[in-house]
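Here is how the chains run, residue by residue.
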Amino acid sequence: QSGLTQPASVSGSPGQPITVSCNGTSTDVGGYNVVSWYQQHSGKAPKLLIYEVTKRPSGISDRFSGSKSGSTASLIISGLQAEDEADYYCCSYAGGSLYLFGSGTKVTVL
Amino acid sequence: EVQLLQSGGGVIQPGGSLRLSCEAFGFRFRDYAMSWVRQAPGRGLEWVAALRATGDLAYYADSVKGRFTISRDNFRNTLDLEMTGLRVDDTAVYYCVRVPCTSPSCYTGGFGFWGQGTLVSVSS
């Protein structure tokens, strides 16, 4: 059960778009449209941003969007804001009622 | 309002046992599968275990299989995680999480509700 691979860090200036990638395999990200993304500020519980690859829960800004191509999922933050500085994690269903999380990406607003 | 209130945790020696609990409020607990997710200090999230809404089928990550047991009481609206044979690398904040389906084999939604987290520290 290896985790999903994310870049350790991504940075951008306010107002710029950034993309966080999440690399898996055909048995997890590539095999199911059950990819979700979470934002975690220091010392807090994770917060759901995106589910089922592209869907946003109510109350989540439309600056956050998701996509998937093959075994790689992506989180796009358009119009980066200071409050977006946090850790971001992807998660994929991996079959057999098991789930895998990504290694996490620290987003820094320059 | 959905709330997951956790209790338990603390400092324990290697080889010891500990029980975490999570009490659910604001939704029909017996309609949802539940899960535990942990986060070691300074590290990423790790899915640990999940349990079907009926409580009759459980699933575990390889790292805890045979040592941890997830259970629930649908009358008291509580979810437990019994941890035995604890190791130093089990040190983490443990989160109780609601799965958006009756089964952990869930093709819709995401982990939308999390408990506040509880720290388990395994150290001699």
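A look at the overall build of chain A
At step 1: Of regular secondary structure, chain A possesses zero helices and nine strands.
At step 2: Secondary structure of chain A in N-to-C order comes out as β-β-β-β-β-β-β-β-β.
At step 3: Whereas a compact globule of 110 residues would reach a radius of gyration of roughly 13 Å, chain A reaches 13 Å, a difference of no more than 12%.
At step 4: Each principal axis of the C-alpha atoms in chain A carries an extent, and together these give about 40 × 25 × 25 Å.
At step 5: For chain A, the proportion of contacts with a sequence separation of at least 24, taken over those separated by at least 6, is 56%.
At step 6: Only carbon and sulfur atoms are counted for the fraction: they give 47% of the accessible area of chain A, which is about 4,700 Å².

Description of the environment of C91(A)
At step 1: As for its placement among the helices and strands, C91(A) is situated in strand β7 (residues 86-93).
At step 2: Each C-alpha atom of the pair C91(A) and T72(A) lies 12 Å from the other, and the pair is 19 residues apart in sequence.
At step 3: The residues contacting C91(A), other than those within four sequence positions of it, are L4(A), V34(A), V35(A), S36(A), Y38(A), Y99(A), L100(A), F101(A) and F111(B).

Considerations on the interface of chain A and chain B
At step 1: Contacts between chain A and chain B engage 21 residues on the former and 24 residues on the latter.
At step 2: Buried area between chain A and chain B, summed over both chains or domains, comes out near 1,900 Å², and the portion from carbon and sulfur atoms is 60%.
At step 3: One can count zero salt bridges joining chain A with chain B.
At step 4: Along the contact surface separating chain A from chain B lie nine residue pairs in polar contact (both at pLDDT 80 or more).
At step 5: Going through the elements one at a time, β3 (35-40), β7 and β8 (99-101) of chain A are the ones with two or more residues in the side of chain A that touches chain B.
At step 6: The dominant element in the side of chain A that touches chain B, judged by the number of residues it contributes, is β7(A), at three residues.
At step 7: A breakdown of the residues in the side of chain A that touches chain B according to their chemical character gives 13 nonpolar, six polar and two charged.

A look at the pattern of salt bridges
All names here are of chain B.
At step 1: Summed over the entire model, instances satisfying the criterion amount to twelve salt bridges over all chains.
At step 2: A salt bridge links E46 to R38; the shortest N-O distance between them is 2.7 Å.
At step 3: For E46, a relative accessible area of 30% corresponds to the partly exposed category.
At step 4: Across the salt bridge formed by K65 and D62, the nearest N and O atoms sit 3.2 Å from each other.
At step 5: Since its relative accessible area comes to 48%, D62 is described here as partly exposed.
At step 6: What you see here is one network of salt bridges that share partners, running through R38, E46, R67 and D90.

Observations concerning the sheet that holds strand β2 (residues 18-23) of chain A
All names here are of chain A.
At step 1: Taken together, the three strands give an open sheet; going across it, the order is β2-β6-β5, and neighbouring strands pair in antiparallel fashion. Looking at which strands have only one partner, the edges of the open sheet turn out to be β2 and β5 (64-69). Put simply, the sheet's adjacent strands are angled 20° from each other on average, direction ignored.
At step 2: Two strands pair when backbone bridges link them, and β2 and strand β6 (residues 72-77) are joined in this way by six bridges, in the antiparallel orientation. The residue bridging S21 from the neighbouring strand is S74, located in β6.

Criteria and cut-off values
- Residues numbered from 1 in each chain as written.
- Chains lettered and ligands numbered in written order.
- Predicted model: local features only at pLDDT ≥ 70, side-chain atom pairs only at ≥ 80, totals over all residues.
- Heavy atoms only, no water.
- Helix = DSSP H or I, 4+ residues; strand = E, 2+ residues; numbered from the N terminus.
- Rg over C-alpha atoms; globule rule 2.2 N^0.38 Å.
- Contact = heavy atoms within 4.5 Å.
- Areas by Shrake-Rupley, 256 points an atom, 1.4 Å probe, with all protein chains shown as cover.
- Buried area = accessible area lost by both parts, 1.4 Å probe.
- Salt bridge = Lys/Arg side-chain N within 4 Å of Asp/Glu carboxyl O.
- Polar contact = N/O pair within 3.5 Å; in protein donor to acceptor, adjacent residues only side chain to side chain.
- Nonpolar A, V, L, I, M, F, W, Y, C, P; charged D, E, K, R; others polar.
- Buried < 20%, exposed > 50% of the residue type's maximum accessible area, 1.4 Å probe, protein only.
- Pairing = 2+ DSSP bridges.
- Axes fitted to C-alpha atoms, helices over the stretch in contact; angles between N-to-C directions.

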